[in-house]
Amino acid sequence: MAFDKDGKTVLPANIYYDRKKEIYYADKVYKGERIYFAGKTKAEAEKRLRKRLYEIDMHISPQKKSNVTVEELFELYVGEYHPELKPTTVQQYRFLYDYYLKDFIGKVKLKNLLPYHIQKVYNHLVEKKMKQGTVNNVRKMLRTLLNEAVRRGMLSADDNPYPKVKAPSNLPVKQQRSFTEEQRDQFLQYAGKSLYANLYKLLLYTGMRVGEALALMICDVDWDNHVLHVTKNLQKTTQGVFYIETPKTRESIRDIYLVPEAEEAFKSQLELRKIIVEPIQEDIKGEFENLLFVNTKGKPVNVGSVRQSINRIVAKIRADGNDCPDIWLHAMRHGYVSIAVARGVPLEVVQANVGHTSIETTMRYLELQPDYIRKQSMKISDLYQSKEAGDKSMQ
């Protein structure tokens, strides 16, 4: 039995309300096919479902509907079909479509879409020396769009060109170079007077995503149990408007045990925030009034400003003749994972702290330092020596 958003009204058997996403779903198994649609209202979801059932009854074939172009399919997907998509996901899809798909296949009708067109997209990515991550994102979106076309009856499964084109290989890979504990500590020392020093320390000692950290409120810590509650993500629209959304995945909503360094960073930021906010408290109202990390005007922190600050710190370290790897915000998560594992923290605990859905993702973040590999390799030698000693004692 499903209830409406008021928690009291019983919904029809084929209607479901997702409280977290505030979206209605209408579904039905009809003529051997499970059909479902989402809508911001119950009526909207039911209307879309009825429309599809009508199309099935009227035998509207893929051939009749395949005059739809790739661009029209894209707009349908990010607009009408999936209103539950997060704004950040829609932004990413629009960016990928505008830069890598629109000029090559945007005007191509689905009925005319061939492996040749997909190959043109891939060739362009290779010519522009796009990184593996970018290519993977483009391929994922292509697969999603064309699978949606098949599911909606706009394209037959046999005519879907995506599976028929081999993925590009030998692409340049962005070096997610991690860093040692010494390099981490050096970075934090140089960052000492930065407005974002406490943010860097919290990121490096918790493995949080920067959006999760920037969305923290002053009440998000259980001081008695030394636990940080991660439940939100700060994002910004292309128009420059900040907003709060749920974290990236379900596993991203988590509690992180605060090590002393992370707890110190949180407390230090509380003091800094007090100095910044007190004189202008009356001007800060609404959903951002209790943000932990704020700029000098008490407003949400722009990630671009943080990146510029990191670049200045790295440049200063190198100018002083010190070795410093390239450091960017996401590399701090890589650094946290690598250092934690080298310290003996079980991989599944690291996975839980960083909020990864699978342990395989955490393993991809892992970049073992030479000193750690040497120490672990020595254990193998110790095992052999212990075995040999035991064998001799038995003779």
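Observations concerning the overall build of the protein chain
Line of reasoning, step 1. Each helix and strand counted, the protein chain has 15 helices and eight strands in total.
Line of reasoning, step 2. With an accessible surface of roughly 22,300 Å², the protein chain has 52% of that area assigned to carbon and sulfur atoms.

Here we look at the packing of aromatic side chains
Line of reasoning, step 1. Taken as a whole, this structure holds eight aromatic pairs when the rule is applied.
Line of reasoning, step 2. Relative to F266, the ring of W223 has its centre 5.5 Å away and its plane inclined at 80°; by these criteria the two rings are edge-to-face. Placement of the pair is W223 in the loop between β4 (221-222) and β5 (227-230) and F266 in helix α10 (residues 260-277), with a sequence separation of 43 residues.
Line of reasoning, step 3. Here W223 falls in the partly exposed class, since its relative accessible area comes to 31%.
Line of reasoning, step 4. Since its relative accessible area comes to 1%, F266 is described here as buried.
Line of reasoning, step 5. Among the aromatic side chains, those forming a connected cluster through ring pairs are F95, Y99 and Y100.

Details of the side chain of E263
Line of reasoning, step 1. Position of E263 relative to the elements: it lies in helix α10.
Line of reasoning, step 2. Judged by its relative accessible area of 11%, E263 falls in the buried class.
Line of reasoning, step 3. A polar atom in the side chain of E263 sits 2.7 Å from the side chain of H226.
Line of reasoning, step 4. When near neighbours in sequence (up to four residues on either side) are disregarded, E263 contacts W223, H226 and L258.

Examining the sheet that holds strand β1 (residues 15-18)
Line of reasoning, step 1. Strand order in the open sheet formed by three strands is β1-β2-β3, and the pairing between neighbours is antiparallel. Both outer strands of the open sheet, β1 and β3 (33-39), are each paired with one neighbouring strand and no more. Going across the sheet, the axis of each strand differs from the next one's by a mean of 25°, ignoring polarity.
Line of reasoning, step 2. The pairing of strand β2 (residues 23-30) with β3 spans seven bridges and is antiparallel. Counted as the bridge partner of K28 is I35 from β3.

Details of the packing of helix α5 (residues 115-127) against helix α6 (residues 132-151)
Line of reasoning, step 1. α6 packs onto α5 with a crossing angle of 165° between their chain directions and a minimal axis gap of 11 Å. Taken together, the axes of α5 and α6 lie roughly antiparallel to each other. When you trace α5 past α6, the crossing you get is right-handed. Mapping the contact onto sequence places I118, V121, Y122 and L125 in α5 and V135, V138, R139, L142 and L146 in α6.
Line of reasoning, step 2. Grouping the amino acids of the contact of α5 with α6 by side-chain chemistry returns eight nonpolar, no polar and one charged.

Details of the side chain of D18
Line of reasoning, step 1. Position of D18 among the secondary structure elements: in strand β1.
Line of reasoning, step 2. A relative accessible area of 14% places D18 in the buried class.
Line of reasoning, step 3. Not counting chain neighbours up to four residues away, the residues in contact with D18 comprise I23 and Y25.

Details of the packing of helix α4 (residues 87-105) against α6
Line of reasoning, step 1. At their nearest, the axes of α4 and α6 sit 10 Å apart, and the two run at 80° to each other. The orientation of α4 relative to α6 falls into the category roughly perpendicular. Residues Q92, Y93, L96, Y97, Y100, L101 and I105 of α4 touch α6, and the partners they reach there are T134, N137, V138, M141, L142 and T144.
Line of reasoning, step 2. Grouping the amino acids of the contact of α4 with α6 by side-chain chemistry returns nine nonpolar, four polar and no charged.

Quick look at the sheet that holds β5
The strands making up a sheet associate through backbone hydrogen bonding, with each pair oriented either parallel or antiparallel.
Line of reasoning, step 1. Here we have three strands laid out as an open sheet, ordered β4-β5-β8, and antiparallel in their pairing. Both edges of this open sheet fall to β4 and β8 (254-257), since each of them pairs with a single strand only.
Line of reasoning, step 2. One ladder, built from two bridges, connects β4 with β5; its direction is antiparallel. In the strand pairing of β5, D222 is matched with V227.

Thoughts on the pairing of β8
Line of reasoning, step 1. Side-chain alternation along β8 places R254 and I256 on a buried face and D255 and Y257 on a face that remains uncovered.
Line of reasoning, step 2. Where β5 and β8 come together, four bridges link them in antiparallel fashion. Residue pairing for β8: V230 is matched across the bridge by R254.

Let's talk about unusual backbone geometry
Line of reasoning, step 1. Its identity is not glycine, yet K129 carries a phi of approximately 55°, on the positive side.
Line of reasoning, step 2. Of note in the backbone geometry, H226 takes a positive phi value of approximately 60° without being a glycine.
Line of reasoning, step 3. Topologically, H226 is positioned in the loop between β4 and β5.

Conventions we followed
Residues numbered from 1 in each chain as written. Predicted model: local features only at pLDDT ≥ 70, side-chain atom pairs only at ≥ 80, totals over all residues. Heavy atoms only, no water. Helix = DSSP H or I, 4+ residues; strand = E, 2+ residues; numbered from the N terminus. Areas by Shrake-Rupley, 256 points an atom, 1.4 Å probe, with all protein chains shown as cover. Phe/Tyr/Trp six-rings, centres within 6.5 Å; stacked < 30°, edge-to-face > 60°. Buried < 20%, exposed > 50% of the residue type's maximum accessible area, 1.4 Å probe, protein only. Polar contact = N/O pair within 3.5 Å; in protein donor to acceptor, adjacent residues only side chain to side chain. Contact = heavy atoms within 4.5 Å. Pairing = 2+ DSSP bridges. Axes fitted to C-alpha atoms, helices over the stretch in contact; angles between N-to-C directions. Parallel < 35°, antiparallel > 145°, perpendicular 65-115°, else oblique. Left-handed = near helix turned anticlockwise from the far one by under 90°. Nonpolar A, V, L, I, M, F, W, Y, C, P; charged D, E, K, R; others polar.

Fair warning: the whole summary comes from geometry, so function is off the table for now.
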